[in-house]
Structure formats: C-alpha cells, structure tokens
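Observations on the three-dimensional arrangement
Below are the chains, spelled out letter by letter.
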Amino acid sequence: MLLFLLTFLIPASTLQADGFPVSVSHQFGETVVPAEPQRIVSVGYHEQDFLYALGIAPTGVHEWFGGYPYATWPWAETARRALGAEPDVQRGFEIDIEWVLAQDPDLIVATFAPMDARTYGILSQIAPVVGPPKGFPAWGAPWEEELRLIGKATGRGAAAETVIAKLDAKIRATAEANPELDGLRGTAAHFAGGQIIGYRPADGANRLLARLGIKTPPEFEELAGPGGNFSVSLERADLFDLDAVLWLVDAPARKQIEALPSYRALRLAREGRSVWADRLMTGAMSFQSPLSIPWALDRLGPALSAAADGNPASSAAPGVEASGL
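Residues numbered from 1 in each chain as written. Predicted model: local features only at pLDDT ≥ 70, side-chain atom pairs only at ≥ 80, totals over all residues. Heavy atoms only, no water.

Some points on the overall build of the protein chain
- Secondary structure summary: the protein chain contains 14 helices and 14 strands in total.
- Seen through its C-alpha atoms, the protein chain measures out along the principal axes to roughly 60 × 40 × 35 Å.
- Counting every atom, the protein chain has about 13,300 Å² of accessible surface; 53% of that belongs to carbon and sulfur. (Helix = DSSP H or I, 4+ residues; strand = E, 2+ residues; numbered from the N terminus. Areas by Shrake-Rupley, 256 points an atom, 1.4 Å probe, with all protein chains shown as cover.)

And the structure:
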C-alpha cells in the first residue's frame, strides 16, 4: 500500500496552490473561489478520494456506503492517514444542510452529489460550491473531469493533471497486458429487489471496462433512465448473455442469480464468463475514484481474462472470482 501511495498520490509537502481567486464552471453555473480553501467539505459520495489524491485533508465528508471510519475505504486509508485527515462524517442519502453549516466550510465540493438547483442555491449561501462537471448526464461525468474541476477549485490543477496522467498510464498498461479483452461485449451489473440492474455505457464502471476493451451493448443506453440504469425481470437475463459480466453483488445475491434457470441456460453461465466482485471490489468499482481505480485494476485484469477464456475452471485474482456452474 505504501508503494501505491507513492505512485498515485501527490505529496502535500511538494504542492503549491495556483493563484487565487479562481473561477470554475460546472453544471449549476460559475463559482468564484476567492482564496485558497482551508476548510473543505465534501457533500458528494466519493469526493473524499479525489481530495486525498490531491493531497488535501477535508474537514467533512458524506458517507455513501461501507461503514468505514471517516467514510474512507481501505484503498484510500493510507492517503487519509498520511494527511492526518479525521473528517466529520454526515450519514444519510440527502445532503444535511445544517451539518454543512456546522462545518464552517470555505469550499463545498459536490461533483458527485444528490444536489438539485435549489440545494445548490442554499449551499452557495454558506460557501462557494463546486457542482458536477457540465455537459454530462446525472452521475455520468468521467472521473478525470471531476478531478480537474476539484483541482482547479482548490488550486491544485497541475497536481490533478499529474494524477490523471499516472492513472491513465496504468489503465493502458492493464489493457495491453490483457489483449484478449479487446473487442469483447460485456458490462457491469447489479441485482436487487428480485431484478437485474444494468447500466448505460457511460456509467463509471462500464467506462473503465471499455478502456480495457470490453464494450457495453449500445442498446443499454436506450434502456437506461435518467439515473443511468435500468431494471429487468429475471426472465430477461438473456440481455446479459455477453462475453463477460462483472456482477457487483453480495454472496446471497450471487446464489440467487446462479440458481435461476434463466441464468443457468446462458452461455455466460455455461462458460464461466461471470466475474463476481467481493465487497471491496464492488465498492471500488462504484467509487470510480483516482484511488479506487488503480486498486481495482490489479485485481480486475486477471479476473476478466479468466472469464474471457470461456473455461469455467479458470481461476481469478483475490477480490474477484470468475466461475461457472
């Protein structure tokens, strides 16, 4: 983990902030940050990772899921400790305005947050707010654009580009190490409420799979709603009969899926083309952050390769399992 920290993080001691004031454009308009922020609050679900990657210790963060101390998953824990960050944590889905106010922030980061125009207006009365990158659907902005936006607002624009370049090189190296993935049809999927949940091609996990050569069927874009996903009944498991599917599910859900006659009849099942993520991999692929992606890549490449060979007996890396019936 120490090597990971040295490779993908920018040491805070070497950073110098860009000049202020700075103006940033985002989905909700233009925000002016008058001076280098000292008390940054993240009200989105994964922005703490972006701040840590830039060498910034947030004052407050918003818990998404996982239940880890300081809402920090293991792939980001070394970075948090290195910065001495012990942020206050807001739990619950919606943004707690009173909690934000109590943090006394001088910058509010909300690039991946449950925020509408009204909430943005209220938060803007507390401190400058950085909303989602403009030009993308809800929850659909690439992590690179989020990092650039946060980097500019915090005076760490150059640092953001350095992180992006290093991670881009790792993604390309993973793709080159697994050429058998190029041209495959596949996707990430979830299972909840007795239904299979699919995601549009621009979803973060699917975007990463595409960088590795695995493309989500274009019809998934037509099926997806405003939130970027869609649900189908178990009888339509055939929609997921692809070359590789990364299932972001827990063990009980996996058992349910594997017990389905409609699933067992698929080539996906017969040839062991399903990849089953454990809790950490599910979190990492959901976060899609500058810290979770490199952690996931080390495990994802071998697992996808094992699934792509069509041999149910293939083994996979820790954290993910490629298996058939």
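That shown, we press on.
Examining the side chain of Asn178
- Examined against the element boundaries, Asn178 turns out to sit in the loop between α7 (157-177) and β8 (184-192).
- Overall, Asn178 belongs to the buried group, its relative accessible area being 10%. (Buried < 20%, exposed > 50% of the residue type's maximum accessible area, 1.4 Å probe, protein only.)

Here's the deal with the packing of aromatic side chains
- Under the criterion given, the structure shown has 22 aromatic pairs.
- Ring centres 5.6 Å apart and planes at 40° place the aromatic pair Tyr45 and Phe93 in the tilted group. Here Tyr45 is found in the loop between β3 (40-42) and α2 (47-53), whereas its partner Phe93 is found in the loop between β5 (88-90) and α4 (97-102), with 48 residues between them in sequence.
- Using a relative accessible area of 3% as the deciding quantity, one classes Tyr45 as buried.
- Residues Phe230 and Phe240 carry aromatic rings whose centres are separated by 6.3 Å and whose planes lie at 20° to one another, so their mutual orientation is stacked. Of the two residues, Phe230 sits in strand β11 (residues 229-232) while Phe240 sits in the loop between β11 and β12 (244-247), which places them 10 residues apart along the sequence.
- The structure contains a cluster of three or more aromatic residues connected by ring pairs, namely Tyr45, Trp64, Phe65, Tyr68, Trp73, Trp75, Phe93, Phe112, Trp139, Phe287 and Trp295.
- The residue whose ring lies beneath Arg299 is Trp295, and the NZ or CZ to ring-centre distance is 4.0 Å. (Phe/Tyr/Trp six-rings, centres within 6.5 Å; stacked < 30°, edge-to-face > 60°. Lys NZ or Arg CZ within 6 Å of the ring centre and 35° of its normal.)

Quick word on α7
- End to end, α7 covers 30 Å across 21 residues, agreeing with the expected 30 Å (1.5 Å per residue, within 8%).
- When we look at burial in α7, the residues that qualify are Ala159, Ala160, Val163, Ile164, Leu167, Ile171, Thr174 and Ala175. All buried residues of α7 lie within an arc of 140° about the axis, which places them on one face of the element. Projecting away from the buried face of α7 at angles above 90 degrees are the exposed residues Ala158, Glu176 and Ala177. (Expected span 1.5 Å × (residues − 1). Arc of directions from axis to C-beta.)

What about the packing of α7 against helix α14 (residues 292-308)?
- With their axes 10 Å apart at the nearest point, α7 and α14 run at an angle of 5° to one another. On the basis of the axis angle, α7 is roughly parallel to α14. Listed contacts from α14 to Leu167, Lys170, Ile171 and Thr174 of α7 are Ile293, Pro294, Leu297, Asp298 and Gly301.
- In the contact of α7 with α14, the residues fall into five nonpolar, two polar and two charged. (Axes fitted to C-alpha atoms, helices over the stretch in contact; angles between N-to-C directions. Parallel < 35°, antiparallel > 145°, perpendicular 65-115°, else oblique. Contact = heavy atoms within 4.5 Å. Nonpolar A, V, L, I, M, F, W, Y, C, P; charged D, E, K, R; others polar.)

Considering the confidence of the model for the protein chain
- Of all residues in the protein chain, 91% have pLDDT values of 70 or greater, and the mean over the chain is 92.
- The model gives residues 1-6 a pLDDT under 50, and that stretch makes 12 contacts with residues more than four places away or in other chains. (pLDDT = per-residue confidence, 0-100.)

Here's the deal with unusual backbone geometry
- With an omega of 5°, the peptide bond between Phe20 and Pro21 qualifies as cis.
- Following the sequence through the fold, Pro21 ends up in the loop between α1 (2-8) and β1 (22-26).
- Non-glycine residue Asp104 carries a positive phi angle of around 50°.
- Its identity is not glycine, yet Trp139 carries a phi of approximately 60°, on the positive side.
- Residue position: Trp139 is located in the loop between β7 (129-130) and α6 (143-153).

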